[in-house]
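# Structure at a glance
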Amino acid sequence: MAKYTLKRVAQGLITVLIVATIVFLLMRMLPTDYYFSEEQLMKLTEEQKNDQLRAAGLLDPIIVQLARFYRNILTLNFGTSRRIQSGVSVVKLIGTKFAVSMRLGAISLCISVVVGVLLGILQTVQKDHLGDHIVTAYTIFVNAVPHLVSYSLVLVFGALVLGFPATYSSRNNTALSCVLPVTCLCLTSIAGYALWTRRYMVDELNKDYIRLAKVKGLSNSQIMTRHVLRNAFVPLAQYLPQSFLLTISGSLLVERFFSVPGMGPLLTDAISRYDLDVVQTLVILYASLGVLGVFLGDVLMMLIDPRITLTGKGDTR
């Protein structure tokens, strides 16, 4: 386990470094005019522009800039925002938005897993009957209808009929203002967990050991809880840590739709406004969370099913 962990940590660090380097080089390929606002482009002379670019180190050779970038990563110096919140530390900027997206994402993930798995169990128990058909229809509907349409339906019904706040507020009625964004985040996630739970459970029911359990006299409830559900949940468990960690990335569409000041729109805004330090830090953060999520998923899968090992012959997974 220790050797496997060290190996995955090394692989993860290399992956994050490669992703960060690619994004760094791509951002440096953009025209330097993106560094300035429209007002600055009209007011500043070419000499003044070059002075600012030189002060920011953007006129240095690319190798020098890359070495400086690596040094900043090693010293955890992620810089400050220039355009999103001028002069504010990138860590502080992300931290304030992190809390909002994490709160909404964690709530929606918990609801999605519980409701989705229960619906998947219902579909399996009532396979080819009314309950199965209803949940299948829901799954098809939420995946077929464009997200903006389904979000609009939630907004109209929730705000106009039920009276929930139409926009997110961190000051007044915060709990109530979370209802509609969380509902939208749960729509497709519930359908996904229900679909995969049903699929894995049906696969388990068709295996030989289930027939043997029936021959031994086990009841349907014992078979479902002791064997089918546990084994079917193993592949789902692999993605739970990654889903949980990536909740802080927020949802671009939902957060814009309900004016949530979270992480969702931050990366696109930073790219469009050429806020280099913010872009680079977010890329490193998302890549790190993705790598960590995959590793924790493997570990969780092993803990649920002891038959699964992370190492085998030659100490390879």
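Presented here is an overview of the structure given in this document. These figures come from a predicted structure and were not determined experimentally.

## Considering the overall build of the protein chain
Assigned secondary structure in the protein chain consists of 15 helices and zero strands. Referenced to the eigenvectors of the C-alpha coordinate spread, the extents of the protein chain come out at roughly 85 × 60 × 30 Å. Every one of the 317 residues in the protein chain was classed for burial, and the buried ones make up 37%. Across the protein chain, contacts joining residues at least 24 apart in sequence account for 70% of those joining residues at least 6 apart. Working note: accessible area of the protein chain is about 17700 Å², and carbon and sulfur atoms make up 65% of it. Measuring between centres, the 29 positive side-chain charges of the protein chain sit 9 Å from its 19 negative side-chain charges.

## Some points on the nonpolar core
The biggest cluster of nonpolar side chains holds 21 residues, and the ones touching the most others in it are Leu-266, Val-278 and Leu-282. Elements represented by at least two residues in this core include exactly α1 (2-29), α5 (90-125), α14 (266-272) and α15 (276-304). Among the nonpolar cores identified, the runner-up in size contains 17 residues, and Leu-104, Tyr-151, Leu-185 and Phe-258 belong to it.

## Some points on the pattern of salt bridges
Applying the stated criterion across every chain, the model contains nine salt bridges. For Arg-68, the salt bridge identified is with Asp-60, shortest N-O distance 2.5 Å. Note that Asp-132 and Arg-198 form a salt bridge whose closest N and O atoms lie 3.0 Å from each other. One end of the pair, Asp-132, is in helix α6 (residues 130-144); the other, Arg-198, is in helix α9 (residues 179-205), and 66 residues separate them in sequence. Taking relative accessible area as the criterion, Asp-132 reaches 2% and is therefore assigned buried.

## With respect to the environment of Ile-121
Here Ile-121 is to be found in helix α5. For Ile-121, a relative accessible area of 22% gives the class partly exposed. Separated by 107 residues in sequence, Ile-121 and Val-228 have C-alpha atoms that sit 9.9 Å apart.

## A word on the environment of Gly-158
Note that Gly-158 resides in helix α7 (residues 147-161). By relative accessible area, Gly-158 is classed as buried at 2%. For the pair Gly-158 and Gly-116, spaced 42 residues apart in sequence, the C-alpha to C-alpha distance is 21 Å. Setting aside anything within four residues of it in sequence, one finds Gly-158 in contact with Gly-163, Phe-164 and Leu-180.

## Things to note about α5
For an α-helix, the turn length of 3.6 residues means that residues three or four places apart are oriented alike. Taking 1.5 Å per residue as the helical rise, α5 with its 36 residues ought to reach 52 Å, and the 50 Å between its terminal C-alpha atoms agrees with that figure. Capping of α5 at its N-terminal end is provided by Ser-89; its side-chain oxygen lies 3.3 Å from the backbone amide nitrogen of Val-91.

## Section: unusual backbone geometry
The phi dihedral of Ser-259 is positive, around 55 degrees, even though this residue is not glycine. Note that Ser-259 resides in the loop between α13 (252-257) and α14. With relative accessibility at 45%, the residue Ser-259 sits in the partly exposed group. Although it is not a glycine, Tyr-274 sits at a positive phi angle of roughly 55 degrees. Positionally, Tyr-274 belongs in the loop between α14 and α15.

Cut-offs and rules
- Chains are numbered independently. Their residues run from 1 in the order of the written sequence.
- In keeping with the predicted nature of the model, local features appear solely for residues at pLDDT of at least 70, side-chain atom pairs appear and are counted solely at 80 or more, and the whole-chain, interface and lining totals rest on all residues.
- Each side-chain value is derived from all of the structure's non-hydrogen atoms; neither hydrogens nor water enter the calculation.
- Only runs of H or I of at least four residues qualify as helices and only runs of E of at least two qualify as strands under DSSP, and these elements are numbered from the N terminus.
- Buried residues are those whose accessible area, probed at 1.4 Å on protein chains only, stays under 20% of the maximum for their type, while exposed residues exceed 50% and partly exposed ones sit between those limits.
- The contact criterion used is simple: two residues touch if any of their non-hydrogen atoms lie within 4.5 Å.
- For every accessible area listed, the method is Shrake-Rupley and the probe measures 1.4 Å; residues are considered covered only by the protein chains on display.
- When charges are counted, Lys and Arg are positive and Asp and Glu negative, with His and the chain ends excluded.
- Every charge is mapped to an atom, namely NZ of Lys, CZ of Arg, CG of Asp or CD of Glu.
- Side-chain atoms within 4.5 Å link the members of a nonpolar core, which is a set of buried Ala, Val, Leu, Ile, Met, Phe, Trp, Tyr and Cys residues.
- Definition used for salt bridges: Asp or Glu carboxyl oxygen within 4 Å of a side-chain nitrogen of Lys or Arg.
- An expected span of 1.5 Å times one less than the residue number is assigned to each helix.
- Pairs of N or O atoms within 3.5 Å make up the polar contacts considered here, provided that, within protein, one atom can donate a hydrogen while the other can accept it, and that residues adjacent in sequence are counted only when both atoms are side-chain atoms.

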